[in-house]
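Understanding the architecture of this molecule
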Amino acid sequence: MNNSIETTCVQGGYRPKNGEPRQVPIYQSTTWKYDTSEFMGKLFDLEEAGYFYTRLQNPTNDLVAAKICELEGGSAAMLTSSGQAASFFSIFNLASCGDHIVSSSALYGGTYNLFATTMKRMGIEFSFVDPDCSDAELEAAFKPNTKAVFGESVANPALSVLDIERFAQAAHAHGVPLIIDNTFPTPVNCRPIEWGADIVIHSTTKYMDGHGAAVGGCIVDAGKFDWTKYPDKFPGFTQPDDSYHGVVYTERFGLEGAFIVKATAQLMRDLGSIQSPQNAFLLNFGLESLHLRMAKHCENGLAVARFLSEHPKVSWVRFPSLEGDKYYDQACKYLPNGSCGVVSFGVVGGREGAEAFMKKLTIAQIATHVADARTCVLHPANATHRQMTDEELAAAGITPDLIRLSCGIEGTEDLIADLAAALG
Ligand SMILES: *Cc1c(COP(=O)(O)O)cnc(C)c1O
């Protein structure tokens, strides 16, 4: 399929045949029926493709994952119960106890906790590098047991733009894949695979669903990383899996399928972080208008960023598509059509000033959420990132006065009037 992003948003993934429903059907079933137990046995051995239990796979999910796969230009994809599950699976599918990952330090707070605390307890060690570090600093972060490089294309909430090409080159020079969390720009604004990323993940909870209705995640594999070139580093792909009668994922499913089949067969089977088919259906509703909504989110974001940058009670503004922003040039390269609708800024008066300002807003609602149709606002130092020390906050690109405003798709003039009134 070489359709435009717009057409893929509307029609990708599911093409009904004669007499079939036009909308993606919800397969609300835990299990599937088969005529013989021989056939069932083949399913369990991964010799036949088919559904048997929704903890591993469900057709509704697969149709929606196929749409996101087309949008990102990948070879295979799967939905997960949340963005957190997608981040965890993307790494745990290729790294085990004793391994090491290089990650950009500009991360979503939940991802940072997952990496620095929970996965550390599993024996996977992370080195965090500044997304703007020098080539030498990036180089120095690699170890012999490094298995992947991880970063956010546009970081939440720091709004730094990752130099994906540079991180991809460094990862590939060390024989490991680059994993990109592309939640904020979505494939409408950035397609990391075209810049060298090997695996792309999403919190579909954000713009993709876009209506604040369903928590979910997605993993897309580009199918380009050659696991067989590094058999010692990635034995899980190139050596027999005893839990599936000795299947070798790269041999049976090729480079295009190995990553996602392995994640489904092992991690979904054992950890069961599947998205509910109901939520996948709601996610698909969101995807059908993603291209229209992203354009309005970006328009509102830029107008609000311009307004704030000229206001005397605003100490600083960060928005990658704002002329003069630290990441403006990088945004022009990676996000020529716009970045997202999220604007970070500080108000005069620091931490207390931020709280007082937020209380006066009426259209922008205080919520631990970003990237949905309704404008919302958050003070990360007091909410999502409150477990972090001031040094950790600084490394993640967050100051104590930072306000994260997620511009929805309401009228631009109304959003600006709300901010103007609250700033006083
Ligand atoms: C929200 C978010 C996540 C986590 O996703 P959930 O769906 O909340 O689990 C991961 N990465 C980024 C960039 C996010 O914004």
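Residues numbered from 1 in each chain as written. Predicted model: local features only at pLDDT ≥ 70, side-chain atom pairs only at ≥ 80, totals over all residues. Heavy atoms only, no water.

A closer look at the sheet that holds strand E7 (residues 217–221)
To keep it simple, the criterion reads: Should DSSP find at least two bridges between two strands, the strands are regarded as paired. Each helix is a run of H or I in the DSSP string that is no shorter than four residues. Each strand is a run of E no shorter than two, and both are numbered from the N terminus. The axes are straight lines fitted to the C-alpha atoms, using for helices just the contacting stretch, and the angles between their N-to-C directions are given from 0 to 180°. Contact definition: two residues touch when any of their heavy atoms are within 4.5 Å.
Across the sheet, 7 strands lie side by side as E1-E7-E6-E5-E4-E2-E3; this open sheet has mixed pairing. Lying at the two open borders of the sheet, with one neighbouring strand each, are strand E1 (76–80) and strand E3 (125–129). When the angles between neighbouring strand axes are averaged without regard to direction, this sheet yields 20 degrees. Where strand E2 (residues 100–104) lies against E3, 5 bridges are found, and the strand directions are parallel. The residue bridging isoleucine 101 from the neighbouring strand is phenylalanine 126, located in E3. Packed onto the sheet, helix H3 (residues 59–72) meets E1, strand E6 (199–203) and E7 and runs at close to 125 degrees relative to E1. Most of the contacts of helix H10 (residues 249–271) go to E1, to which it runs at about 25 degrees, and overall it touches E1, E6 and E7.

So, the site of the ligand
Stated precisely, the cut-off is as follows: To be near a molecule or strand, a residue needs just one of its heavy atoms within 4 Å of it. For the purposes of these results, a polar contact is taken to be a pair of N or O atoms within 3.5 Å, where, inside protein, one atom must be able to donate a hydrogen and its partner to accept one; residues adjacent in sequence count only when each atom of the pair is a side-chain atom. Here the accessible surface of atoms and residues is derived via Shrake-Rupley with a 1.4 Å probe, and residues count as covered only by protein chains that are part of the display. The definitions used throughout rest on a 1 Å grid laid over the protein atoms alone, on which a cavity is an enclosed set of points accommodating a 1.4 Å probe that cannot get out and a pocket is an open set flanked by protein within 12 Å on both sides along at least five of seven lines; lining residues are those having an atom within 4 Å of a point. For a molecule to be placed in a cavity or pocket, more than half of its atoms must lie within 2 Å of the grid points of that cavity or pocket.
Among the 14 residues in the neighbourhood of the ligand, the closest are listed as Asn156, Asp181, Ser203, Thr205 and Lys206. Separating an oxygen atom of the ligand from a side-chain N or O atom of serine 203 is a distance of 2.8 Å. Starting from 380 Å² of accessible surface for the ligand in isolation, the protein chains cover 93%. Among the detected pockets, the ligand sits in the second largest pocket.

As for the pattern of salt bridges
Short version of the rule: Basic side-chain nitrogens of Lys or Arg form a salt bridge, by our definition, when they fall within 4 Å of a carboxyl oxygen of Asp or Glu. For each residue, the accessible area found with a 1.4 Å probe, counting protein chains only, is set against the maximum for its type, and the residue is called buried under 20%, exposed over 50%, and partly exposed in between.
This model, assessed by the stated rule, comprises 14 salt bridges. In this structure, glutamate 194 and arginine 191 form a salt bridge, with 2.9 Å as the shortest nitrogen-oxygen distance. Judged by its relative accessible area of 56%, glutamate 194 is exposed. Among the residues examined, arginine 191 registers a relative accessible area of 22% and is labelled partly exposed. With a shortest N-O distance of 3.2 Å, aspartate 325 and arginine 318 are connected by a salt bridge. Both residues of the pair, aspartate 325 and arginine 318, count as buried.

Examining empty space enclosed by the protein
To keep it simple, the criterion reads: Grid points are joined across faces, edges and corners, and a volume is the space filled by probe spheres set on the points. In the scheme used here, Gly and all other residues not listed as nonpolar or charged are polar, with Ala, Val, Leu, Ile, Met, Phe, Trp, Tyr, Cys and Pro taken as nonpolar and Asp, Glu, Lys and Arg as charged.
What the rule picks out here adds up to 1 cavity of 30 Å³ or more. Leu361, Ala364, Thr375, Leu405, Leu415, Asp418 and Leu419 are the residues that line the largest cavity. In terms of residue count, the dominant contributor to the lining of the largest cavity is helix H16 (residues 412–423) (3 residues). Tallied by class, the residues present in the lining of the largest cavity amount to 5 nonpolar, 1 polar and 1 charged.

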